[in-house]
Amino acid sequence: DRNVERTRAAPANYMLAQTQLTALYDAAKSAVLAERSTGCPSELSVAQWAIESAWGARCPGNNCYGIKPDSGGSGVQYFVSREFLNGTWVTMTEAFEKYDTLTDCFMDHARLITTVDAYRPAWQQYGLDHDLDALIGNVARRYASDPHYGQLCLELAHDPDVQTAIAAGRAAANTPPITSPTSV
């Protein structure tokens with residue numbers, strides 16, 4: 001949530017800086033590895049990564065999603081964050097997960113989307129209809145408190161730079177696009 005405003009502020013015809021493109025391609029590689037393991041679509045993972053990390057600019061402890069502590073990481077860290085609660089932005093100090101690598105974070109994110117009760121209905125529906133846009137919208141409603149988060153995720157999932165990076169990640173991993181989830 002803390003990065004939605006900054007990401008949305010880019011004009012519709014924005015161009016990513018070289019550092020952002022490099023980070024995007026690294027993120028896409030990690031997303032493809034997580035996709036291969038869990039079935040969680042890279043488009044969802046990379047779109048959320050772009051928002052949550054401001055295109056890779058903020059990934060403290062390799063936590064590019066702002067994932068709260070659970071058993072999926074390698075430790076805990078504390079940061080000030082902004083949450084949209086009861087119609088108001090609130091600033092608070094919160095605990096966040098730490099990861100040894102960026103890929104570990106993507107794997108934990110995919111695990112959350114594919115196994116946690118909060119996302120189970122969205123994931124099960126995706127298993128039936130393979131509707132990526134519906135999955136993104138349904139996950140976004142539970143994932144973030146910002147009311148515009150879902151629309152931004154959809155825009156980013158279909159962004160040409162994101163699509164090209166994911167295609168390159170899949171080609172490097174020799175992985176075709178997901179046609180059905182591996183775990184529902």
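Residues numbered from 1 in each chain as written. Predicted model: local features only at pLDDT ≥ 70, side-chain atom pairs only at ≥ 80, totals over all residues. Heavy atoms only, no water.

(A) Broad picture of the overall build of the chain. Helix and strand counts for the chain come out as eight helices and two strands. Reading the chain from its N terminus to its C terminus gives the helix and strand order α-α-α-β-β-α-α-α-α-α. When the 184 residues of the chain are sorted by exposure, 43% land in the buried category. Nonlocal contacts in the chain, meaning residues at least 24 apart in sequence, comprise 69% of its contacts between residues at least 6 apart. Looking at the chain as shown, the accessible area adds up to about 8,800 Å², and 53% of this sits on carbon and sulfur atoms. (Helix = DSSP H or I, 4+ residues; strand = E, 2+ residues; numbered from the N terminus. Buried < 20%, exposed > 50% of the residue type's maximum accessible area, 1.4 Å probe, protein only. Contact = heavy atoms within 4.5 Å. Areas by Shrake-Rupley, 256 points an atom, 1.4 Å probe, with all protein chains shown as cover.)

(B) Representation of unusual backbone geometry within the structure. Phi angles above zero are rare outside glycine, and asparagine 86 is one such case at about 50°. Relative to the helices and strands, asparagine 86 resides in the loop between strand S1 (75–85) and strand S2 (88–98). Although it is not a glycine, histidine 130 sits at a positive phi angle of roughly 55°. Summarising the element assignment, histidine 130 is placed in the loop between helix H5 (120–129) and helix H6 (132–143). Its relative accessible area of 34% is what places histidine 130 among the partly exposed residues.

(C) A look at the side chain of glutamine 48. Tracing the chain through its elements places glutamine 48 in helix H3 (residues 42–53). Since its relative accessible area comes to 0%, glutamine 48 is described here as buried. Here the side chain of glutamine 48 touches histidine 109 through a polar contact of 2.7 Å, side chain to side chain. Residue contacts for glutamine 48: discarding those within four places in its chain leaves Tyr65, His109, Ile113, Val139, Tyr143, Tyr149 and Cys153. (Polar contact = N/O pair within 3.5 Å; in protein donor to acceptor, adjacent residues only side chain to side chain.)

(D) Representation of the environment of asparagine 174 within the structure. Relative to the elements of secondary structure, asparagine 174 occurs in the segment after helix H8 (160–173). Taking the relative accessible area as the measure of exposure, asparagine 174 reaches 68% and is therefore exposed.

(E) Representation of the pattern of salt bridges in the model. A complete count under the given rule lists six salt bridges for this structure. Glutamate 83 is the salt-bridge partner of lysine 68, the closest N and O atoms lying 3.8 Å from each other. Note that lysine 68 is positioned in the loop between H3 and S1 and glutamate 83 in strand S1, a separation of 15 residues in sequence. Of the residues examined, lysine 68 reaches a relative accessible area of 35% and is grouped as partly exposed. Here lysine 68 and glutamate 94 are joined by a salt bridge, their closest N and O atoms 3.6 Å apart. Placement of the pair is lysine 68 in the loop between H3 and S1 and glutamate 94 in strand S2, with a sequence separation of 26 residues. Counted as one network, the salt bridges with shared partners bring together Glu35, Glu43 and Arg170. (Salt bridge = Lys/Arg side-chain N within 4 Å of Asp/Glu carboxyl O.)

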